[in-house]
Each structure stands twice: as structure tokens, then as C-alpha cells.
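Architecture and fold: a report
One-letter residues, chain by chain:
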Amino acid sequence: MTVTVSPIALFNVEQGISVDAELWDAITEKQLADWEAEWNMELLLALQRLNRAGVERKHWPQSRHWNWRKKTECLQKMLAYPCFSIMCDGMTQGMMIVDTPSKRCRIECQKGKNLVYIEYIENAPWNRKELLFDPPRYRGIGSILIFAAIMLSKEEGFKGRIGLHSLPQANNFYANSCGMTDLGSDPNYQGLHYFEMTEQQAVAFITKGGQL
Amino acid sequence: MKIEITKEWCLRMAHLEGDAEIGAGVLAFDPILHEDALPVADTLDESGIVFGRFVQLMRRNRGLTIEKLAEDSDVEIAELLEIEDDAHHKPQNRTVYQLANYFKVPHRNLLQVAGLTAPRDSRILEEGVRFAARLEPVAELSPEERAALEAFVAVIGSE
């Protein structure tokens, strides 16, 4: 597998400094190993902290049953799709899997057109404040992965159009930070809200960070 | 695919992103749901509430941590956490058997309380709902809770 690495930067929250990082256009065995050995363990410990802190279960990450095997199998099956990951300090900090051929736009002004659909995007547990990592280790993972999805969309000729189904606690990020359009709850995706970005919204998102 | 992205852009967007959560896609659930898991908006199961409260109070009444109860009853810690904290959770038959053995209550009745068998004695579920409704999830077992617990144990303990 050929992996192209692009230099990026993340913000180290505790030290208040920027750190060099890498954007990979792949998820390899290394990222899967990090996910299985490091992310899962940290997530379990985080749930233990939430429990011991008296946080009600309804406020925990959306968990009902623990089935790592099934999630691993799903992830592995999806590696045929375009993937991205962010590496820093030799560790996977975020992952994204996208689907380019099969999904179409839903917003009226671009209905039926191709887009890059984000099947899966996730931050490493230690970058998530809701898991009581205080402070979280790195910031910026979400924005960089969305940037990568927009760039892929442009390369595919989709002009920056992207779509995704957001977890409930991330709706604010996609609506406000990314400026995507919220098309509401989708009963076919466990009630998750579907968000879509138009060409103009993609330009606005990139401009927000000062780059065109 | 090479992606040109400046350090300034990364840092500016990191600042705007802050500590926002970013998970998207069904796979990003922590972890993925079973196909048979109930959706969040589904109806709250009375038996789940009653069984969860029952297990929690029986445990606290014995001064046990979840870890200790898991060890002594040979039940997974994760399953006990689900039972006590998630009213939607459907326990496994084996778990209910193990807990019935440990708490010394009839299997059949506890399976009813857990919603795993059709109610044969409607009194058990009615009493269970009343029992759960009288409790507050406070750290220590109050005399009222203990009395409620003992009364309910007497009901489900009757063959």
C-alpha cells in the first residue's frame, strides 16, 4: 500500500504550543493496531472515570453493548474505501473513512449530484474532553479531516461537496464550526442528523482558517 | 493524495474547533451498536428499571462494589454496569441465574423481573415498579430503601 503523508500541525492543549503532525491518506495496520490496543483501552478507562464521577449513563458516549470485534470487522471491511488518518507522536490521533461513488447530495440546490460521504470519523479518546480528559491532548483533528474530505471532493470533481451523519454530541461542530446544513434526523441511520456541505460552504470553511 | 495545508490554517481551525466532539457515522458509536440494541428513543422498559434498581440495592445492601459483586457472582463487570445504569439493557439469562443464585431468590421470579420471561405473576412486576418508584439513586442505602428492598425481596422470594 502506498501512503502519501502530508505535513500538518496540531495544537497541544496542555503545553499551549503547536506540534508537527502528519495527515496520511490511508488507514493501515498501524492505525488499526493503535485503535485496538490504545483507543479501546483508553475508552474503557474513560468510562470507568465517568462512572466513578457519578456521571449518568445517558451522558456517556453512545454505548449500549460492547462489541469491539464487530466494530473491528466493520472497520476492516471498509478499508477498501478512501481513508485518512492523523499521526502525531507516533500514535493515531484521528481516523476517517469516506465513500465516493455511492452517495448523492440531498440539499435541493445540489440534489442528486455526487459528493464525498464521510462514513466514519473519530477522534482518539485522549483528545475528547467529554471522556474527562482534562485537558484533552490535541485539538484540530476534526477540522483537518474535514479539510481532507473537501480536498478529495475537489479532486474527484465534486467541488467540495461532502455529507455525513453526525453523532448527537457532534451536531454543533458540523453545524457551526464547519457551517454545514443540517437536514435533520435520518430514520435510516439510527436517527442521526444528516449534514451536507455545498461548494460555497466548503469555500467558507476553508476561508475561515485563512487558506484558499 | 498530497494535501497542501498550512500550519497557520491548522492552528486557527484548532482554536475554532476547541474541544468540540467530532464523531460521525454509525461506526463512530462507542462502540458500534448491536443490531438488536434498542434505539435511544425507544420506550423505557419497566422491567429494566426494576431489575437494575433491585440489583443495585441488593449490592449496596451488602456493601459490595460492582467489581466485588462481579467476582462473587461470576458476572461480567460491564454487564453489571449495564444492568444498573441502563434501563434499556436486556441481561443475559445466565447473568440473571447467577444473580438469583447469589442473592438467593428464585430464578423464575427474577427472570420475570428482568423481563426475560412472560409475567406469570403480575404482582411481581407491579410490586417491582412500586419498589423502583420509591427509591432515589443516592449513594447510601437509607432505612426506607432498605425497608423497600426487604419488602420486595419478600415478594419475589415467595414461590
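A quick note: this is a predicted structure, and the numbers were derived from the prediction, not measured. (Residues numbered from 1 in each chain as written. Chains lettered and ligands numbered in written order. Predicted model: local features only at pLDDT ≥ 70, side-chain atom pairs only at ≥ 80, totals over all residues. Heavy atoms only, no water.)

**Some details on the overall build of chain A**
Put simply, the test is: Per the convention used, a helix needs a DSSP run of H or I reaching at least four residues, while a strand needs a run of E reaching at least two, with both numbered from the N terminus. In this scheme, a residue with accessible area under 20% of its type's maximum is buried, one over 50% is exposed, and one in between is partly exposed, where area comes from a 1.4 Å probe on protein chains only. Residue contacts follow a heavy-atom distance rule, with two residues in contact if any of their heavy atoms lie within 4.5 Å.
Helix and strand content of chain A: 5 helices and 9 strands. In chain A, the succession of α and β elements from N to C terminus is β-β-α-α-β-β-β-β-α-β-α-β-β-α. Counting every position in chain A, which comprises 212 residues, the buried fraction comes to 56%. Here the contacts in chain A between residues at least 6 apart in sequence split such that 63% fall between residues at least 24 apart.

**Considering the overall build of chain B**
The line we're drawing: The accessible surface values rely on the Shrake-Rupley method and a 1.4 Å probe; as for residues, cover is taken only from the protein chains in view.
Assigned secondary structure in chain B consists of 8 helices and 0 strands. Restricting to contacts in chain B with at least 6 residues of sequence separation, those with at least 24 account for 63%. When the accessible surface of chain B is split by element, carbon and sulfur atoms take 51% of a total near 7900 Å².

**Structural notes on unusual backbone geometry**
With an omega dihedral of 5°, the bond running from Asp134 of chain A to Pro135 of chain A counts as a cis peptide bond. Within the element layout of this structure, Pro135 of chain A appears in the loop between strand E5 (116-123) and strand E6 (138-139). Here Asp74 of chain B, not a glycine, exhibits a phi torsion of approximately 60°, which is positive. Relative to the helices and strands, Asp74 of chain B resides in the loop between helix H3 (66-73) and helix H4 (77-85). The phi torsion at Lys104 of chain B lies on the positive side, around 60°, for a residue other than glycine. For Lys104 of chain B, a relative accessible area of 73% puts it in the exposed group.

**As for the nonpolar core**
Using the following cut-off: Buried residues of nine kinds, namely Ala, Val, Leu, Ile, Met, Phe, Trp, Tyr and Cys, make up a nonpolar core once their side-chain atoms join them within 4.5 Å.
Core analysis: the biggest nonpolar cluster contains 46 residues, and Ile146, Tyr174 and Phe205 of chain A have the highest contact counts within it. At 10 residues, the largest contribution of residues to this core is made by helix H3 (residues 141-155) of chain A. In terms of nonpolar packing, the next biggest core, distinct from the first, is built from 32 residues, Ile83, Phe103, Val113 and Ala114 of chain B among them.

**Description of the packing of helix H5 (residues 199-208) of chain A against helix H1 (residues 7-17) of chain B**
Definition in use: With axes taken as lines fitted to C-alpha atoms, and helix axes fitted only over the stretch in contact, angles between N-to-C directions fall between 0 and 180 degrees. Should an angle fall under 35 degrees it is called roughly parallel, over 145 degrees roughly antiparallel, and 65 to 115 degrees roughly perpendicular, with every other angle called oblique. Polar here means any residue other than Ala, Val, Leu, Ile, Met, Phe, Trp, Tyr, Cys and Pro, which are nonpolar, and Asp, Glu, Lys and Arg, which are charged; Gly is therefore polar.
Relative orientation of the contacting elements H5 of chain A and H1 of chain B amounts to 100°, with a least axis distance of 9 Å. Taken together, the axes of H5 of chain A and H1 of chain B are roughly perpendicular relative to one another. Listed contacts from H1 of chain B to Phe205, Ile206 and Lys208 of chain A of H5 of chain A are Trp9, Arg12, Met13 and Leu16 of chain B. Taken together, the residues of the contact of H5 of chain A with H1 of chain B break down into 5 nonpolar, no polar and 2 charged.

**Brief notes about the pairing of strand E7 (residues 162-166) of chain A**
The side chains of a regular strand alternate, first on one face of the sheet and then on the other. All names here are of chain A. What counts, and what does not: Pairing between strands requires that DSSP locate at least two bridges from one strand to the other.
Counting buried positions over the 5 residues of E7 gives 5, a clear majority of the element. Here E7 shows no split at all, with Ile162, Leu164 and Ser166 on one side and Gly163 and His165 on the other all buried. Pairing of E7 with strand E9 (residues 193-197) involves 5 bridges; the strand directions are antiparallel. Opposite His165, over in E9, you have Tyr194 as the bridge partner.

**As for the pairing of E9 of chain A**
Residues and elements named next belong to chain A. Judged by how many residues are buried, E9 sits mostly within the fold: 4 of 5 residues are covered. Across 3 bridges, the pairing between strand E8 (residues 181-185) and E9 is antiparallel. By the bridge assignment, Ser185 is partnered in E9 with His193.

**Remarks on the interface of chain A and chain B**
Short version of the rule: The term buried area means the drop in 1.4 Å probe accessible area that two parts suffer when joined, counted for both and summed. What counts as a salt bridge is simple: a side-chain nitrogen of Lys or Arg found within 4 Å of a carboxyl oxygen of Asp or Glu.
Counting residues at the interface gives 70 residues for chain A and 44 residues for chain B. In total, chain A and chain B occlude about 5400 Å² of area from one another, counting both sides; carbon and sulfur atoms represent 60% of this. Where chain A meets chain B, there are 4 salt bridges. Measuring nitrogen to oxygen at the nearest pair gives 3.7 Å for the salt bridge that ties Lys129 of chain A to Asp19 of chain B.

**Remarks on the pattern of salt bridges**
Residues and elements named next belong to chain A. Evaluation of the coordinates by the stated rule reveals 12 salt bridges over all chains. The salt bridge involving Arg106 is made with Asp186; its shortest N-O contact spans 3.0 Å. Of this pair, Arg106 sits in the loop between strand E4 (91-99) and E5 while Asp186 sits in the loop between E8 and E9, placing them 80 residues apart in sequence. Accessibility expressed as a relative area gives 6% for Asp186, which makes it buried.

**What to know about the side chain of Ser6 of chain A**
Our working rule: Counted as a polar contact is a pair of N or O atoms within 3.5 Å, where, for protein atoms, one must be capable of donating a hydrogen and the other of accepting one, and residues adjacent in sequence contribute only when both atoms are in side chains.
With respect to the helices and strands, the residue Ser6 of chain A is situated in strand E1 (residues 5-12). A residue is classified by how much of its surface remains accessible, and Ser6 of chain A, at 1% relative accessible area, is buried. A polar contact is formed between the side chain of Ser6 of chain A and the backbone nitrogen of Ile3 of chain B, at a distance of 2.9 Å. Setting aside chain neighbours within four positions, we find Ser6 of chain A in contact with Ala21, Glu22 and Leu23 of chain A together with Met1, Lys2 and Ile3 of chain B.

**Thoughts on the packing of aromatic side chains**
Heads up, the rule is: For Phe, Tyr and Trp, where Trp contributes only its six-membered ring, two rings pair if their centres lie within 6.5 Å, and the inter-plane angle classes them as stacked under 30 degrees, edge-to-face over 60, or tilted in between. A ring is considered to have a charge above it if a Lys NZ or an Arg CZ atom is located within 6 Å of its centre and within 35 degrees of its normal.
For the structure shown, the criterion picks out 9 aromatic pairs over all chains. Ring centres of Phe147 of chain A and Trp9 of chain B lie 4.7 Å apart, and the angle between their planes is 55°; this geometry places the pair in the tilted category. Linking Phe147 of chain A in helix H3 with Trp9 of chain B in helix H1, this pair reaches from one chain into another. The exposure class assigned to Phe147 of chain A is buried, which follows from its relative accessible area of 1%. Three or more aromatic residues joined by ring pairs form one cluster here, namely Phe54, Tyr102, Phe103 and Phe152 of chain B. Geometry around Phe133 of chain A places Arg49 of chain A over its ring, the cationic atom sitting 4.5 Å from the centre. Over the aromatic face of Tyr194 of chain A sits the side chain of Arg106 of chain A, whose NZ or CZ is 4.1 Å from the ring centroid.

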